[in-house]
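Structural overview for review
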Amino acid sequence: QVQLVESGGGLVQPGGSLRLSCAASGIIFSRYSMGWYRQAPGKQRELVAYITSGQSTNYADSVQGRFTISRDNAKNTVALQMNSLKPEDTAVYYCNSGLYQFSTYSPAYWGQGTQVTVSS
């Protein structure tokens, strides 16, 4: 049974930082690509970033230069460091795992999500 459990969400002021973490179980973690999606109220879920099993990373244009995704294969965790947060980053953030094939990341498993609110 695959489980992805997110932590680290919360309320932060604009310009602040948050670090999200996701602990995975039930998969051979090192073989999977890992990613983060987010969904803001009234909007579609969108890809934020992913990291492949080979440590290649990809970011949405809206977060490039502000967010950093990383993974620790020894601990089966993936993290998303979010700096210079903006109100438009407010969303529920979802951890996911999947495969990276043909230059495409396809999530297969999802966490329950963690709320990030950026507001003064």
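In case you missed it, the structure is sitting above this.
Please read all numbers here as calculations on a predicted model, not as lab measurements.

Points about the sheet that holds strand 8 (residues 77–82)
Taken together, four strands build an open sheet; the order of strands is 1-3-8-7 and the sheet is antiparallel. At either end of the open sheet lies a strand with only one pairing partner, and these are strand 1 (3–7) and strand 7 (67–72). Across the sheet, the mean angle from the axis of one strand to that of its neighbour is 15°, orientation sign disregarded. Sheet analysis places strand 3 (residues 18–25) next to strand 8, joined by six bridges and oriented antiparallel. Residue L20 lies in a different strand from strand 8, and its bridge partner there is L80.

Overview of the side chain of R38
Mapped onto the elements, R38 comes out in strand 4 (residues 33–39). For R38, a relative accessible area of 6% gives the class buried. For R38, the residues in contact, after removing those within four places along its chain, are Q44, R45, E46, V48, S62, V63, F67, E88, D89, A91, V92 and Y93.

Let's talk about the state of the cysteines
By the definition in use, this model includes one disulfide. C22 shares a disulfide with C95; S-S distance 2.1 Å. Taking the torsion about the S-S bond as the criterion, the C22 to C95 disulfide, at about -75°, is left-handed. With C22 in strand 3 and C95 in strand 9 (residues 91–101), this pair connects stretches of sequence that are 73 residues apart. For the residue pair C22 and C95, the accessibility class agrees, reading buried in each case.

Conventions and cut-offs
Residue positions within a chain follow its written sequence, with the count starting from 1. Reporting of local features is limited, given that this is a predicted model, to residues whose pLDDT is at least 70; pairs of side-chain atoms are given and counted only at 80 or more, and all residues count toward the totals for whole chains, interfaces and linings. The basis for every side-chain value is the complete set of non-hydrogen atoms in the structure, without hydrogens or water. Paired strands are those between which DSSP finds at least two bridges. Working definition: helices are DSSP H or I runs of at least four residues, strands are E runs of at least two. Numbering for both runs from the N terminus. To get an axis, a line is fitted to the C-alpha atoms, and for a helix only the part in contact is used. The angle between two axes follows their N-to-C directions and goes from 0 to 180 degrees. Buried means the residue's accessible area, taken with a 1.4 Å probe over protein chains only, is under 20% of the maximum for its type, while exposed means over 50%, and partly exposed covers the values in between. We call two residues contacting when some pair of their heavy atoms lies within 4.5 Å. Criterion for a disulfide: a pair of cysteine sulfur atoms at a distance within 2.5 Å.

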